[in-house]
Amino acid sequence: MFSRGLQSFVRSCCNTVLCNSVLVHRCSSQWIAVCHPFVQTILSSPQPQRMLHGTKQLLSVRDKVQAAEEEVGPLTRIIEAMGFTGPLKYNKWKIKIAALRMYTCCVERINYDEFFEKCQLPDTLNSWFLVTQLHVWMCLVRMKQEGRAGKYMCRYVVHSMWEDVEQRGKVMGIDSVTLKESLKAMTENFYAAIFGYDEGILSDDRVLAAALWRNLFNKQCEDPTVLELMVEYVRKQMQYLDSLNGEDLLLSGEVKWRPLLETDPQSILKPVSPTYNDEGL
């Protein structure tokens, strides 16, 4: 009795599955019959082909994609994770001295009177700082290409700048409270200017001109020829800094800036390497 009921149940299930499979087969056959002409049309139509182009041009050293971080050992990573600086390519004291010299070049080898006159800037401490930070930024961009040693040097270039600004404020007789507030505002403006200048140097001249208008001119420049002059000046200086040897900059920090107004544009030739002794001094 039980076995006959089980057999009838199994037969009914098998018949249901068989009917469903037949229906699926018929539907799929009808679907294939309908879609077959369209499939043939698509396959027979010419398909667009993407042309692949190759180049055998060799990249120069400046065009090579550099690694984001210099490869270091696990011990160095642990040391730097603790807030210390690991071993560098050159002696740290040599790099510190070179950083101080580089900042000195940003201050003593710039004709500020010419900048104040051509850019129509007031002769104040803030205007001096705006011109100085522009040249410091250009040095930072160049030295960050020299790996960990270059980044270490950048820290001391900025450190030398803030010490100099503080000393100049004290010499001018600014009281400590006002000087502290001014240094705080200058620090915020400095890092905002770096962000804007970085965006400008990586973009076209319009973006760079906007960054100069906001940071150097404090949004108060109405003469487009002055902006054009400064854009040309920044592009020219960056091209000149890129032509300098990185090891020479790490050991000497010597930078001879191009003039604001070029009397002889053809004078931009390969720079002469600076001279320094075996001690790097």
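The following paragraphs examine the structure supplied in this document. Because the structure is a prediction, the values reported are computed rather than measured. (Residues numbered from 1 in each chain as written. Predicted model: local features only at pLDDT ≥ 70, side-chain atom pairs only at ≥ 80, totals over all residues. Heavy atoms only, no water.)

**A word on the packing of aromatic side chains**
For clarity, the threshold we go by: Aromatic rings from Phe, Tyr and Trp, taking only the six-membered ring of Trp, are treated as a pair when their centres fall within 6.5 Å; an angle between ring planes under 30 degrees marks them as stacked, one over 60 as edge-to-face, and anything in between as tilted. Helix numbers and strand numbers start at the N terminus; a helix is a DSSP run of H or I with at least 4 residues, a strand a run of E with at least 2. The rule is simple: take the accessible area with a 1.4 Å probe, protein chains only, and divide by the maximum for that residue type; under 20% is buried, over 50% is exposed, in between is partly exposed.
The final tally for this structure, using the stated rule, is eight aromatic pairs. On the basis of an interplanar angle of 55° and a centroid distance of 5.2 Å, the ring pair of Tyr152 and Tyr156 is categorised as tilted. Remark: Tyr156 and Tyr152 occur in helix α6 (residues 147–171); sequence separation between them is four residues, near one turn of the helix. Its relative accessible area of 5% is what places Tyr152 among the buried residues.

**Focus: the packing of α6 against helix α7 (residues 176–201)**
Short version of the rule: Angles run from 0 to 180 degrees between N-to-C directions of axes, and those axes are lines fitted to C-alpha atoms, restricted for helices to the stretch in contact. By definition, any crossing whose near helix is turned counterclockwise from its far helix by less than a right angle is left-handed, and any crossing with a clockwise turn is right-handed. Only heavy atoms enter the contact rule, under which two residues are in contact if any of them lie within 4.5 Å. Residues are grouped as follows: nonpolar covers Ala, Val, Leu, Ile, Met, Phe, Trp, Tyr, Cys and Pro; charged covers Asp, Glu, Lys and Arg; every other residue, Gly included, is treated as polar.
Between α6 and α7, whose axes approach to 11 Å, the crossing angle comes to 145°. The element α6 and its partner α7 pack so that their crossing is right-handed. Contacts from Val158, Met161, Trp162, Val165, Glu166, Gly169 and Lys170 in α6 reach Leu179, Leu183, Met186, Thr187, Phe190 and Tyr191 in α7. Considering only residue class, the contact of α6 with α7 consists of nine nonpolar, two polar and two charged.

**Regarding the pattern of salt bridges**
Spelled out, the test is: We count a salt bridge whenever a side-chain nitrogen from Lys or Arg sits within 4 Å of a carboxyl oxygen from Asp or Glu.
Counted under the stated rule, the structure contains six salt bridges. Measuring nitrogen to oxygen at the nearest pair gives 2.9 Å for the salt bridge that ties Arg109 to Glu254. Residue Arg109 is located in the loop between α3 (92–108) and α4 (112–118), and its partner Glu254 is located in the segment after α10 (246–252); the two are separated by 145 residues in the primary sequence. Relative accessible area serves as the criterion here: at 28%, Glu254 is assigned to the partly exposed category.

**Some points on the side chain of Ser127**
Quick reminder of the rule: In the analysis that follows, any N or O atom pair within 3.5 Å is treated as a polar contact, provided that within protein one partner can donate a hydrogen and the other can accept it, and provided that, for residues neighboring in sequence, both atoms belong to side chains.
Checked against the element boundaries, Ser127 lands in helix α5 (residues 125–143). A distance of 3.2 Å separates a polar atom in the side chain of Ser127 from a polar atom in the side chain of Thr124. Not counting residues up to four positions away in its chain, the partners in contact with Ser127 are Phe116, Leu121 and Pro122.

**Looking at helix α8 (residues 205–215)**
We count it as follows: This arc is built from the directions going out from the helix axis to the C-beta atoms.
Listed in full, the buried residues belonging to α8 are Leu208, Ala209, Ala211, Leu212 and Asn215. Viewed along the axis of α8, the buried residues span an arc of 160°, placing them on a single side of the element. At its buried positions, α8 is contacted by α5, α7 and α9 (224–242).

Bear in mind that shape data such as this cannot, by itself, settle questions of function.
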